[in-house]
Amino acid sequence: MHKAIEDFVRGLRLDAYLVGGAVRDEQLGVDSKDADFVVPGVDYDGLRAALEPHGRVEDLEVGGRRVGARLYPADAGVRALAPAGIEFAPPRAERSTGPGRHDFEIVADPGLSIEDDMARRDFTVNAIAKRLETGELVDPFHGADDLANRVLRTVRPRSFAEDPLRIVRGLRLVSQLGLEPSEETLQQMRDEAPSVRVVSGERVGGGLQADGLGEFSKLLLGPEPAKALRLARDTGVLTALLPEFEPALGFEQDSERQHLPLDEHIFAVVQAAADAGANLAVRLGALFHDLGKPGANGSHATRGADLTAKALRRLRYPTRLQTSVTRLVRAHAFPLDEVDELFARRFLREHGDELAFDLVAHKEADLRGKKVAEAELDAAARTG
């Protein structure tokens, strides 16, 4: 969180608390793009009235219900630091509406404490607040200790039952921050894995802003996606999200070159793409590239492209990204027998610059997931 944003919010005289990912990232010493605040003692209308003199205000809604306000500051310097706006909300808590585990609602109440608001959050590392007025941390669930120990722990046992997307978010934090789920959290993931199927595709894959940056995409873009994908496989989350993966689990490829089971090969390729800093299209391509192998009668790449297109549509990825990844999977099995200047010109002419460079990035990652000679890796590098 940029100091200028904190200073601006402090100047609003709202006695606001910085919450969520911004506090977590601050504890880790990393930059955060989050700008979320909780303001006790104020209802929705009072909050909006307090913000309106300082810029344009929009209501924040989830599921058709108002949950807070987003301020776009009139101060151009602050607005440039938070182009997506600064979010403010009254404290909220859960209220039971019946006997079932899904019978509850989130309600705002200006009389609630900041501790009450922390109690409804997903993970202990996200249930830390900082009071701007004093710099004091409010940490009722010892999230700072879990961060220091790199432990991922839910705030309470029904956290995933309340919102199954939290399972994917937890796996994203494994990839992004290197956290290790506690045994209790792992069991909760196993128990609730089937519920992931009911989460909307936008929240998982395509992103609420149609940017392709849902929780699963953020997992793939983290520095340790293979670690998170293995946990997703072992808890049943991976096949709940992507049933196309089921035939690949433990599928033996029975070759000296392909020395890993298919799922482990795929995870290794995704990790190699991450290590090389590849873009989302290449990482998605790495995830799907060989899923056509089990049961393939003809080209596994063609079958894999069909599976890829189906999965990306279901997860509501942007059309352009769907097209790019599907084309990459369809074309990924090109040979490297004779790599020379003529080959490179033909390759560029056939695929166009963007896809050609993504294919080369994928090929290098794919080879690093196999047992191949350095000469073959050199040939892939020369293609680019």
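Shown above is the structure to which this text applies.
Below or above, wherever it landed, is the structure these notes cover. On a predicted model such as this, the values are computed, not experimentally measured, just so you know. All chains use their own residue numbering, which begins from 1 and follows the written sequence. Under the rules for a predicted model, residues below a pLDDT of 70 receive no local features and side-chain atom pairs below 80 are neither given nor counted, while totals for whole chains, interfaces and linings still include all residues. Side-chain metrics rest on all non-hydrogen atoms present in the structure, leaving aside hydrogens and water.

Some points on the overall build of the protein
Here's step 1: Helix and strand labels come from DSSP, where a helix needs a run of H or I of at least four residues and a strand needs a run of E of at least two; each type is numbered from the N terminus. Counting its secondary structure elements, the protein contains 20 helices and 11 strands.
Here's step 2: Between the two quantities, the radius of gyration covers C-alpha atoms and the globule rule is 2.2 Å times the number of residues to the power 0.38. Its C-alpha atoms give the protein a radius of gyration of 23 Å, within 12% of the compact-globule value 21 Å for 384 residues.
Here's step 3: When its C-alpha atoms are laid out on the principal axes, the protein stretches across 70 × 50 × 35 Å.
Here's step 4: Using a 1.4 Å probe on the protein chains alone, a residue whose accessible area is under 20% of its type maximum counts as buried, one over 50% counts as exposed, and one in between counts as partly exposed. Here the protein holds 384 residues, and the buried ones make up 52% of them.
Here's step 5: Two residues qualify as a contact provided that any one of their heavy atoms is within 4.5 Å of a heavy atom in the partner residue. Taking the intrachain contacts of the protein between residues at least 6 apart in sequence as the baseline, contacts between residues at least 24 apart amount to 62%.
Here's step 6: Counting only carbon and sulfur atoms, one obtains 48% of the accessible surface of the protein, whose full area is about 17400 Å². Note that accessible areas follow from Shrake-Rupley with a 1.4 Å probe, and for residues the cover is restricted to the protein chains shown.

What to know about unusual backbone geometry
Here's step 1: The residue arginine 13 is not glycine, and still its phi comes out positive at about 60 degrees.
Here's step 2: Counting through the fold element by element, arginine 13 comes out in the loop between α1 (3-10) and β1 (17-19).
Here's step 3: Since its relative accessible area comes to 69%, arginine 13 is described here as exposed.
Here's step 4: Residue arginine 150 is not a glycine yet carries a positive backbone phi of 60 degrees.
Here's step 5: Inspection of the secondary structure assignment puts arginine 150 in the loop between α6 (143-148) and β10 (151-152).

Some thoughts on the packing of helix α15 (residues 280-288) against helix α19 (residues 353-368)
Here's step 1: As a rule, the C-alpha atoms of each element are fitted with a line to give its axis, helices using only the stretch in contact, and angles between N-to-C directions run from 0 to 180 degrees. At a minimum axis separation of 10 Å, α15 and α19 run at an interaxial angle of 50 degrees. By the angle between their directions, the pair α15 and α19 is classed as oblique. α19 is crossed by α15, and the crossing has right-handed handedness. On α19, the residues touching Ala281, Val282, Gly285 and Ala286 of α15 are Asp358, Ala361 and His362.
Here's step 2: Split by residue class, the contact of α15 with α19 holds four nonpolar, two polar and one charged. In this scheme, roughly parallel covers angles under 35 degrees and roughly antiparallel covers those over 145, while 65 to 115 is roughly perpendicular and the rest are oblique. Handedness of each helix crossing follows the sense of rotation of the near helix against the far helix: counterclockwise by less than a right angle gives left-handed, clockwise gives right-handed. Three categories are distinguished: nonpolar for Ala, Val, Leu, Ile, Met, Phe, Trp, Tyr, Cys and Pro, charged for Asp, Glu, Lys and Arg, and polar for the others, with Gly belonging to the last.

Here's the deal with the packing of aromatic side chains
Here's step 1: Only rings of Phe, Tyr and Trp enter the pairing, Trp through its six-membered ring, and a pair is recorded when the two centres are within 6.5 Å. The plane angle decides the type: under 30 degrees is stacked, over 60 is edge-to-face, the rest tilted. For the structure shown, the criterion picks out five aromatic pairs.
Here's step 2: Between the aromatic rings of phenylalanine 245 and phenylalanine 267, the centroid separation amounts to 6.3 Å while the plane-to-plane angle is 20 degrees, which identifies the pairing as stacked. With a gap of 22 residues between them, phenylalanine 245 in the loop between α13 (237-241) and α14 (262-275) and phenylalanine 267 in helix α14 connect regions that are remote in the sequence. Grouping residues by exposure puts phenylalanine 245 and phenylalanine 267 together as buried.
Here's step 3: Among the aromatic residues, ring-to-ring pairing joins Phe334, Phe343 and Phe347 into one connected group.
Here's step 4: The criterion for a charge sitting over a ring is simple: Lys NZ or Arg CZ within 6 Å of the ring centre, and within 35 degrees of the ring normal. For the cation-ring pair, arginine 56 lies above tyrosine 72, with the distance from its terminal atom to the ring centre recorded as 4.2 Å.
Here's step 5: Just above the ring of phenylalanine 334 sits the side chain of lysine 363; from NZ or CZ to the centre is 4.4 Å.

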